[in-house]
Amino acid sequence: MPKAAPDHPPLVLVDGSSYLYRAYHALPALSNGKGRPTGAVYGVTAMLKKLMSDFRPAQMAVVFDARGKTFRHDLYPDYKANRPPMPDDLSQQVEPLLELVEALGLPLLRIEGVEADDVIGTLTRAAHEKGMQVVISTGDKDMAQVVRDGVTLVNTMNNTRMDAQGVEDKFGVAPEQIVDYLALMGDKVDNIPGVPGVGPKTAARWLKTYGSLDALLERADEVKGKAGEKLREAAPGLPLSKRLATIDSGLDVGMTPDDLDLRDPDQERLRGLYTELEFRNWLKELEPGDGAAGDEPGNTARYSLILSVDELRQWVSRLRGQTLMAFDTETTSLNYMEARVVGMSFSVASGEGAYLPFGHDDPSEPGQLDEATVMEVIKPLLEDAALAKLGHNLKYDASVLANHAVSLRGITHDTMLESYVLNSTASRHDLDTLCEKHLGHTNIHFEDVAGKGAKQVTFDKVPLARAAPYAAEDADMTYRLHEVFWPRLRETDAQRHLYEEIEIPLISVLSRVERNGVLVDSALLEKQSEELAGRMAQIEKEAMAAAGESFNIGSTKQLQTILFEKHGLPVLRKTPKGQPSTAEDVLQELSVEYDLPRLVLEFRSLSKLRSTYTTKLASMIEPRTGRVHTSYHQAVASTGRLSSADPNLQNIPTRTSEGRRIRQAFIAPPGHRILAADYSQIELRIMAHLSGDEGLQAAFRAGLDVHSATAAEVFGVSAEEVNDERRRAAKAINFGLIYGMSAFGLARQLGIERAAAQEYVDLYFARYPGVKAYMEETRERARQQGYVETLFGRRLYLPEINSRNTQRRQYAERTAINAPMQGTAADIIKRAMISVDDWLISSRAGARMIMQVHDELVFEVESEQTTDLKDNVVRLMSSAAELSVPLVVDVGEGRNWDEAH
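Residues take numbers from 1 onward in each chain, read along the sequence in its written order. Selection of residues for local features in this predicted model requires a pLDDT of at least 70, selection of side-chain atom pairs for listing and counting requires 80 or more, and totals for whole chains, interfaces and linings are taken over all residues. With hydrogens and water set aside, each side-chain value is computed from the structure's full complement of heavy atoms.

Quick word on the overall build of the chain
Link 1 in the chain: When its secondary structure is counted, the chain shows 38 helices and 23 strands.
Link 2 in the chain: In terms of overall size, the chain behaves like a compact globule, its C-alpha atoms giving a radius of gyration of 33 Å where 901 residues would be expected to give roughly 29 Å.
Link 3 in the chain: Along the three orthogonal principal directions, the C-alpha set of the chain runs to about 95 × 80 × 55 Å.
Link 4 in the chain: Here the contacts in the chain between residues at least 6 apart in sequence split such that 68% fall between residues at least 24 apart.
Link 5 in the chain: For the chain, the accessible surface area stands at approximately 40,400 Å², while carbon and sulfur atoms represent 47% of it. Secondary structure elements follow DSSP: runs of H or I no shorter than four residues count as helices, runs of E no shorter than two count as strands, and numbering proceeds from the N terminus. Atoms counted for the radius of gyration: C-alpha only. Globule rule: 2.2 Å times the number of residues to the power 0.38. Any two residues whose heavy atoms approach within 4.5 Å are treated as being in contact. Computed with a 1.4 Å probe, the accessible areas rest on the Shrake-Rupley method; for each residue, only the protein chains presented here act as cover.

Dropping the structure here:
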């Protein structure tokens, strides 16, 4: 956005009420450590800062609607009658925002009996008459009526600027026609009547034809069709609609533009507000000398470069004398299988760090130690299990060090996991984000030292003068974050146990599983890819025949035209831009009655399989090992589940034959077998345990098929009378309820009436009253404490559990029910992985763990050791938690993953 000329700064008027709501709905639901909502405050403050930076105004005002009625309510008592009350989590943010506006030195206007639009309109008119340039910052279309020469609108939400031509381009009418345009359309939110059914296109067309509302009403008899009938019916009320939509720019607001000079910000008040709201980046701006990014080490931090053996030995001696050392590696790649370490950094105290380079290509520093010398000295330290190591995402460091024959031991703390266990949903858990959020410090970014885009170099090409502060800072900041997180983790025994007994031990386990990798038959994948391409071509041909013409099956726009315009299929949902939706669930519903949507869905499914797996997997085989190596992320899913990436091995579909065939390409090497061990219905078993429901527990203890048992209970029949349809319905209820499915969702899934689905739900709760009681108690507990917990104390915070926004609150309530079960299942399989890994190492079994997929562990085992592995895996997995019902593990084996599963 262009800045105003510095010698003629404009008057900037901000529609604070408009931005308050827009920020609330557009931005994430942020909150501080006390659970106080802060997202809208942050959004509006960021916008104000941007405006001040862009325009450098001398006069500026932030205008809010005052409470109470205005003259428009006197004209029309039902004015704004449809507006819901302000959501509670938004109303809590109004006062802090007003305080911030004043602390920033900005004039704050809230004039009783007058809306913000009228205040802005009045000040705009006064400024315009004085020849001042005016910039109005708003997202409200009503303000377009005050645009003229020297008066423009800016929208910092989408970074757009609108002058008179811009108004006409956007609305199809000139600024002086906007009031008539608004009057014709009416406004459902403000309850302005308008002409029923008339939208922006019709209103603009009428005004283009007749020029004004008055002229249109004079010739209303010329307007044909139903629109004309509605116009004539609404005509008596349109003058009122116009009056309600007109911004009153002739009010006495008790001030002039000259009274709106900016004041100096109140630094102490800002500091207090930023601290309370936890806006740490802005807090840091008030302390420019306190560790800003790029500061030369020596101001607030002491960073050194290790270039001699003596210096290295001194640091090693010092590290050995510590109870905890922060440690980080610098490498040539993010791919842990191919990365080479080019340097390491250390810290043992806040504000201090050192970088040890040995793989940089820097002609200006010929004194760099060589790798062999470094490893001889440093390897014993890194492999010393008695020396506690601290890092950020140490799994990566452990894996890349393994490429140098170094086995990292003594992994004790990881700040990424500390943050994740403390609050999995509060923010991202990368080092830069955490430093900004918790330390008010902006790190030196990788791009700052290595460049951007095509010019970016690998770290071994970065000169040591730039590499050293960057690398040493990582170790230093990790140490500082640990000093923030660790005391908080120790406050709660359950969270500390979760961190120390599950997440930290899992680092080494996952590193081994990743590096083990899985053998993939690339020839079979290539064959499957060719077969999929052939099937896709056939489906495409059938789709063209069903459409009656050729079209691009991958084009959403062409598909919309074919389905909804030419074939007239019902529009079940629209996109945010008003186009008929072709989303998967929409096409699934349409495919019940129409062939073309079914063919498109099948084409999409096969296309995704081909692009994501059969074609891509072969290209991801590591040449050194001949295997595919995924990355498991511990700190991504809010519930504690592991996620898989590059490639994602957890999303290979199993409901279609084509998806299952992909698993056939995951094979065992000669003389080995694939063994897959999967928890049976683990989340339902956890529900039985957490709810204490006697009926559900009895079914599991008796070893019954729980879906058949549920069907017998719900439908009041014997087990023998349960048919496939009833079992399917019971399965949908069992799983649907723990995922928060409503009767409406169940009805859609089963293809039955909503009333029938509600009856199923009511019968289910009548037979399993403990489940209903647990759900109600969980929701209430979540409302009171703001979080739910797993069986092992993992917390999932729910900042929107008490939101006045119905959709957000209901989503939080569904999460409150599901998260304890999904999270407990995640904790259990993590515990199982640790136990199984310990046994594999200690027993020296001829097997290794190669994958974790949701509730399943996959192994590669020597053929003669299969029985022994199976027995021990079942024993260890089934004892990973003590529930009131048995943990059952299903095990299979085969030449490939599909056979084993």
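Once you've had a look at it, read on.
Things to note about the side chain of H482
Link 1 in the chain: As for its position among the elements, H482 is in helix α21 (residues 464-489).
Link 2 in the chain: Apart from the residues within four sequence positions on either side, H482 is in contact with L324, L390, H413, T415, E418 and P487.

Looking at the packing of helix α19 (residues 431-439) against α21
Link 1 in the chain: Note on method: axes are straight lines fitted to C-alpha atoms, helices fitted across the in-contact stretch only, with angles between N-to-C directions ranging 0 to 180 degrees. In contact at an axis separation of 10 Å, α19 and α21 are set at 55 degrees when each is read in the N-to-C sense. The angle between the axes of α19 and α21 places the two elements in the oblique class. For the pair α19 and α21, the crossing hand works out as left-handed. Residues L431, L434, C435, H438 and L439 of α19 pack against D474, M477, T478, R480, L481, V484, F485 and R488 of α21.
Link 2 in the chain: Three categories are distinguished: nonpolar for Ala, Val, Leu, Ile, Met, Phe, Trp, Tyr, Cys and Pro, charged for Asp, Glu, Lys and Arg, and polar for the others, with Gly belonging to the last. Each residue belonging to the contact of α19 with α21 can be placed in one class, and the counts come to eight nonpolar, two polar and three charged. In this scheme, roughly parallel covers angles under 35 degrees and roughly antiparallel covers those over 145, while 65 to 115 is roughly perpendicular and the rest are oblique. A clockwise turn of the near helix away from the far one marks a right-handed crossing, whereas an anticlockwise turn of less than a right angle marks a left-handed crossing.

Topic: the sheet that holds strand β23 (residues 889-894)
Link 1 in the chain: Spatially, the four strands line up as an open sheet ordered β21-β22-β18-β23, and their pairing is antiparallel. Only two strands of the sheet have a single partner each, and these edge strands are β21 (847-853) and β23. Here the strands of the sheet are splayed against their neighbours by 20 degrees on average, with no regard to which way each runs.
Link 2 in the chain: Two strands pair if DSSP finds at least two bridges between them. Direction of pairing for strand β18 (residues 672-679) relative to strand β22 (residues 856-862): antiparallel, over a ladder of seven bridges. In the strand pairing of β22, I674 is matched with E860.
Link 3 in the chain: Against the sheet, helix α36 (residues 806-843) contacts β18, β21 and β22, and its axis sits at roughly 170 degrees relative to β21.
Link 4 in the chain: Against the sheet, helix α37 (residues 866-878) makes contact with β18, β21, β22 and β23, and its axis sits at roughly 20 degrees relative to β18, the strand it touches most.

Let's talk about the nonpolar core
Link 1 in the chain: Only buried residues count toward a nonpolar core. Its members are Ala, Val, Leu, Ile, Met, Phe, Trp, Tyr and Cys residues joined through side-chain atoms within 4.5 Å. Here the term buried applies to any residue with accessible area under 20% of the maximum for its type, exposed to any over 50%, and partly exposed to those in between, with areas from a 1.4 Å probe on protein chains only. Counting residues in hydrophobic clusters, the biggest one holds 163 residues, and the most contacted among them are M344, I378, F666 and Y679.
Link 2 in the chain: Ranked by the residues each element gives to this core, the list is headed by α36, at eleven residues.
Link 3 in the chain: Judged by nonpolar contacts, the second largest core, of 50 residues, contains V119, A127, M143 and V146.

Brief notes about the confidence of the model for the chain
Link 1 in the chain: The share of residues in the chain with pLDDT of 70 or more is 96%, and the mean pLDDT across the chain is 88.
Link 2 in the chain: Known as pLDDT, the predictor's confidence for each residue is given on a scale from 0 to 100. Taken as a whole, residues 1-7 scores under 50 in pLDDT and shows 13 contacts with residues more than four places along the chain or in a different chain.
Link 3 in the chain: pLDDT under 50 marks residues 289-299. Its contacts with residues more than four places away, or in other chains, come to 13 contacts.

Considering unusual backbone geometry
Link 1 in the chain: Cis geometry marks the peptide bond from D646 to P647; its omega dihedral reads 0 degrees.
Link 2 in the chain: If you trace the backbone, P647 turns up in the loop between β17 (643-645) and α28 (657-663).
Link 3 in the chain: With a phi close to 45 degrees, R56 is a non-glycine residue in the positive phi region.
Link 4 in the chain: Mapped onto the elements of the fold, R56 is located in the loop between α2 (39-55) and β2 (59-63).
Link 5 in the chain: In this structure R56 comes out as exposed when scored by relative accessible area, which is 56%.

Notes on the pattern of salt bridges
Link 1 in the chain: One speaks of a salt bridge when a side-chain nitrogen belonging to Lys or Arg is within 4 Å of a carboxyl oxygen belonging to Asp or Glu. According to the stated counting rule, one finds 45 salt bridges in the structure shown.
Link 2 in the chain: The shortest N-O distance in the salt bridge between E371 and R340 comes to 3.6 Å. One end of the pair, E371, is in helix α16 (residues 371-382); the other, R340, is in the loop between β8 (325-331) and β9 (341-347), and 31 residues separate them in sequence.
Link 3 in the chain: Residue E371 is classed as partly exposed on the basis of its relative accessible area, which comes to 29%.
Link 4 in the chain: Measuring nitrogen to oxygen at the nearest pair gives 4.0 Å for the salt bridge that ties R767 to E713. Of this pair, R767 sits in helix α34 (residues 754-767) while E713 sits in helix α31 (residues 706-715), placing them 54 residues apart in sequence.
Link 5 in the chain: Taken together, the shared-partner salt bridges connect R535, E542, D595, R598 and E602 into one network.

Comments concerning the pairing of strand β1 (residues 11-15)
In regular strands, side chains alternate between the two faces of the sheet.
Link 1 in the chain: In terms of burial, β1 is a largely internal element, five of the five residues being buried.
Link 2 in the chain: Burial along β1 is two-sided: the face carrying L11, L13 and D15 and the face carrying V12 and V14 are both buried.
Link 3 in the chain: As paired elements, β1 and strand β4 (residues 134-137) share four bridges and run parallel to each other. What sits directly across from L11, in β4, is V134.
Link 4 in the chain: The pairing of β1 with β2 spans five bridges and is classified as parallel. Bridging across to β2, D15 finds its partner in V63.

A closer look at the sheet that holds strand β5 (residues 151-155)
Link 1 in the chain: One open sheet accounts for six strands, arranged β3-β2-β1-β4-β5-β6; its pairing is mixed. Among the strands making up the open sheet, the edge pair consists of β3 (108-109) and β6 (160-162).
Link 2 in the chain: Against the sheet, helix α6 (residues 116-129) makes contact with β1, β2, β3, β4 and β5, and its axis sits at roughly 170 degrees relative to β1, the strand it touches most.

Focus: helix α5 (residues 94-103)
For an α-helix, 3.6 residues make a turn, and residues three or four places apart therefore share a direction.
Link 1 in the chain: Buried residues dominate α5, accounting for seven of its ten residues.
Link 2 in the chain: Taken together, the buried positions of α5 are V94, P96, L97, L98, L100, V101 and A103.
Link 3 in the chain: Residue G105 follows α5 closely and has a positive phi angle near 90 degrees.

A few points about helix α32 (residues 724-738)
Link 1 in the chain: A rise of 1.5 Å per residue sets the reference length of α32, with its 15 residues, at 21 Å; its end C-alpha atoms lie 21 Å apart and thus fit the reference within 8%.
Link 2 in the chain: Within α32 the residues assigned to the buried category are A729, A730, A732, I733, N734, G736, L737 and I738.
Link 3 in the chain: Residues of α32 that are buried make contact with α29 (682-691), α31, α33 (743-750), α34, α35 (769-785) and α36.
Link 4 in the chain: In the stretch just after α32, G740 is the one whose phi turns positive, near 75 degrees. The span expected for a helix works out to 1.5 Å for each residue beyond the first.

Considerations on the packing of aromatic side chains
Link 1 in the chain: In summary, the pairing rule links any two rings of Phe, Tyr or Trp, Trp by its six-membered ring, whose centres are within 6.5 Å, and it sorts them by plane angle into stacked for under 30 degrees, edge-to-face for over 60 and tilted for everything else. Scanning the entire structure with this criterion turns up 16 aromatic pairs.
Link 2 in the chain: The interplanar angle of 65 degrees and the centroid separation of 6.1 Å between the aromatic rings of F446 and Y470 together place this pair among those described as edge-to-face. Here F446, found in helix α20 (residues 446-450), pairs with Y470, found in helix α21; they are 24 residues apart in sequence, far enough to count as distant.
Link 3 in the chain: Ring geometry for F666 and W897: centres 5.3 Å apart, planes at 70 degrees, overall edge-to-face. One end of the pair, F666, is in the loop between α28 and β18; the other, W897, is in helix α38 (residues 897-900), with 231 residues separating them in the sequence. You'll find F666 and W897 in the same group, each marked buried.
Link 4 in the chain: Taken together, the ring pairs in this structure connect Y42, Y274, F279 and W282 into an aromatic cluster.
Link 5 in the chain: Sitting over the ring of Y24, R808 keeps its end group 4.8 Å from the ring centre. Here, a charge over a ring means that NZ of Lys or CZ of Arg falls within 6 Å of the ring centre while also lying within 35 degrees of the ring normal.

Describing the packing of α31 against α34
Angle between the axes and distance between the axes: these two values describe a pair of packed helices.
Link 1 in the chain: Their axes nearest at 8 Å, the elements α31 and α34 cross at an angle of 105 degrees. It follows from the interaxial angle that α31 and α34 lie roughly perpendicular. Contacts between α31 and α34 pair T710, E713, V714 and F715 from the former with Y760, L763, Y764 and R767 from the latter.
Link 2 in the chain: Split by residue class, the contact of α31 with α34 holds five nonpolar, one polar and two charged.

Points about the side chain of E418
Link 1 in the chain: Mapped onto the fold, E418 is located in helix α18 (residues 415-422).
Link 2 in the chain: The charge count treats Lys and Arg as positive and Asp and Glu as negative. His and the chain ends do not count. For the buried E418, no salt bridge exists, and the shortest N-O distance to an oppositely charged side chain is 8.6 Å, to R490.
Link 3 in the chain: Side chain to side chain, E418 and H482 meet in a polar contact 2.7 Å long.
Link 4 in the chain: In contact with E418, not counting residues within four places along its chain, are H413, H482, F485, W486, L489 and Y499. Polar contacts, as used here, are pairs of N or O atoms within 3.5 Å; protein pairs need one atom able to donate a hydrogen and one able to accept it. Residues neighboring in sequence count only if both atoms are side-chain atoms.

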